[in-house]
Protein chains: 2
Amino acid sequence: MSDAEQTRQNILTVAADEIHQHGFKATSLSVILNRCEISKGALYHHFTSKIELGYAVFEEIYTPMFLDLWQSALAVEDPVEGLCTFFTSMTDQMSCSEVVCGCPLNNLCEEMANVDEGFRLRILSMQEQLNQSIVDALEKINDDLRDGLALSQVSYFIVATLNGATTLSKSSRNKELFQQVIAELCLYIRALKK
Amino acid sequence: MSDAEQTRQNILTVAADEIHQHGFKATSLSVILNRCEISKGALYHHFTSKIELGYAVFEEIYTPMFLDLWQSALAVEDPVEGLCTFFTSMTDQMSCSEVVCGCPLNNLCEEMANVDEGFRLRILSMQEQLNQSIVDALEKINDDLRDGLALSQVSYFIVATLNGATTLSKSSRNKELFQQVIAELCLYIRALKK
DNA sequence: CTTGCAACATACCGAGCGGTTGGTTATGAT
DNA sequence: ATCATAACCAACCGCTCGGTATGTTGCAAG
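Residues numbered from 1 in each chain as written. Chains lettered and ligands numbered in written order. Predicted model: local features only at pLDDT ≥ 70, side-chain atom pairs only at ≥ 80, totals over all residues. Heavy atoms only, no water.

Draft legend 1. Quick look at the relation of the copies chain A and chain B. Laying chain A over chain B is done by rotating through 180 degrees and shifting 0.0 Å along the axis; what remains is an RMSD of 0.0 Å. Taken together, the rotation and translation describe the operation of a two-fold axis. Both copies present the same face, since 97% of the interface residues in chain A are matched by interface residues at the equivalent positions in chain B. (Least-squares fit on C-alpha atoms with pLDDT ≥ 70 in both. Contact = heavy atoms within 4.5 Å.)

Draft legend 2. Broad picture of the interface of chain A and chain B. Counting residues at the interface gives 39 residues for chain A and 38 residues for chain B. Run the count over chain A and chain B and you get two salt bridges. We note a salt bridge from A:Lys170 to B:Glu110, for which the minimum N-O separation is 2.9 Å. Going through the elements one at a time, α6 (96-101), α7 (104-112), α8 (117-140), α9 (151-172) and α10 (175-190) of chain A are the ones with two or more residues in the side of chain A that touches chain B. Among the elements that line the side of chain A that touches chain B, the one with the most residues is α9(A), at 14 residues. A per-class count over the side of chain A that touches chain B returns 19 nonpolar, 13 polar and seven charged. (Salt bridge = Lys/Arg side-chain N within 4 Å of Asp/Glu carboxyl O. Helix = DSSP H or I, 4+ residues; strand = E, 2+ residues; numbered from the N terminus. Nonpolar A, V, L, I, M, F, W, Y, C, P; charged D, E, K, R; others polar.)

Draft legend 3. Expanded view of the nonpolar core. One finds A:Phe87, A:Ile189, B:Leu53, B:Trp70, B:Phe87 and B:Ile189 to be the most contacted residues of the largest nonpolar core, which totals 135 residues. Once you skip the residues sitting within four places of it in the chain, B:Trp70 turns out to touch B:Leu83, B:Phe86, B:Phe87, B:Leu130, B:Ile134, B:Val159 and B:Leu162. (Core = buried A, V, L, I, M, F, W, Y, C linked by side-chain atoms within 4.5 Å. Buried < 20%, exposed > 50% of the residue type's maximum accessible area, 1.4 Å probe, protein only.)

Draft legend 4. Broad picture of the protein's contact with DNA strand D. Taken together, 16 residues lie around DNA strand D, and A:Ser39, A:His45, A:His46, B:Tyr44 and B:Lys50 are the ones closest in. When atoms of DNA strand D within 4 Å of the protein are split into backbone and base, the sugar-phosphate part holds 62%. Residue B:Thr27 places a main-chain N or O atom 3.0 Å away from a phosphate oxygen belonging to DNA strand D. A distance of 3.3 Å separates a phosphate oxygen of DNA strand D from a polar side-chain atom of B:Ser30. (Near = heavy atom within 4 Å. Polar contact = N/O pair within 3.5 Å; in protein donor to acceptor, adjacent residues only side chain to side chain.)

Written out as structure tokens, the structure is:
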């Protein structure tokens, strides 16, 4: 990797961390510059504005990390159990910072979706992608599922609940609350089967 | 109501609206001053700081509005149906601004809970209050419910899902998504019964 | 009539923000 | 060796922010 590309990646990584911790608006460019030990000129050489940097973080850091994570949970023989073990393992390996800071994508969604159209469309596209993945996975075992299920609706329900659980644990700083909601969510998911 | 009290209430109302629209940090005091047609001295006569104003909005505007709303849904003969009609009526009367801005308490929770301890504790206390109300309501019809339900867990699950649904519709600007999650939530709630 | 305080108004402050400008250094093709 | 350009730096700009210091008005008690 060239030096320039290295610099760019460094900026993206640090910016992703800062945005995760403090949100997009509250993220200060000067903090990123200090952490990267570069000048403002260097940053504006690689990115035309703060919001373009934000888009890049979203597309190049958050989105792939997020989709890969879900894909690994869904690409198993029984996606129902895949999701359940995925969720419960989240509660186990959830670090303290993750409890406090929440899901970076959920945070960005809350903060920026109704403020900036660029973010909103990117978030929306990713949500639809994720929803389709879940629906596809569930359709594969359609014979094992109850009749009359609206799979897309079910999928959105699952994602919404997971986001809500993250927010809940974030505000309460309480892993147990998250665990409880997840436990109930797993009950719901398993009840999808016949 | 005295003139001074009138001024105070006016500040609170306008601030509540601004915070709902733009979040706490992005809410500018000067905008509030303009809308209220008062000076900065007037505001700082009634409130010692921006954050104290925020606390007052939370306690005197958001909290009572919120709890009353839930209480009216729970204080009926069958709280299960009460909640379902409450949720579905939300989807109907949801104004455009509410879709875009989301639930003010949910927003504040997302934005401030992990930044300011004062907000966090207030949010936490309200969440516990709400959860207790739901649990109490459900316990009243315990005989009609399935055995082995963890009611507190169920209650947190419901609230988490509702919040997640709000966030989802906010980012997508799509009432239908909200409606779908709510429909699935009602299925879940009704399935609590025997 | 005056004195005191609540209820405001006006003007200003320092800090931090995103962004720009005008330069300097490193690199790679010719 | 030259030279354009990529890559980077330091200084500065305009602006808005929350907050403060000081001044003014009006009413109400003594």
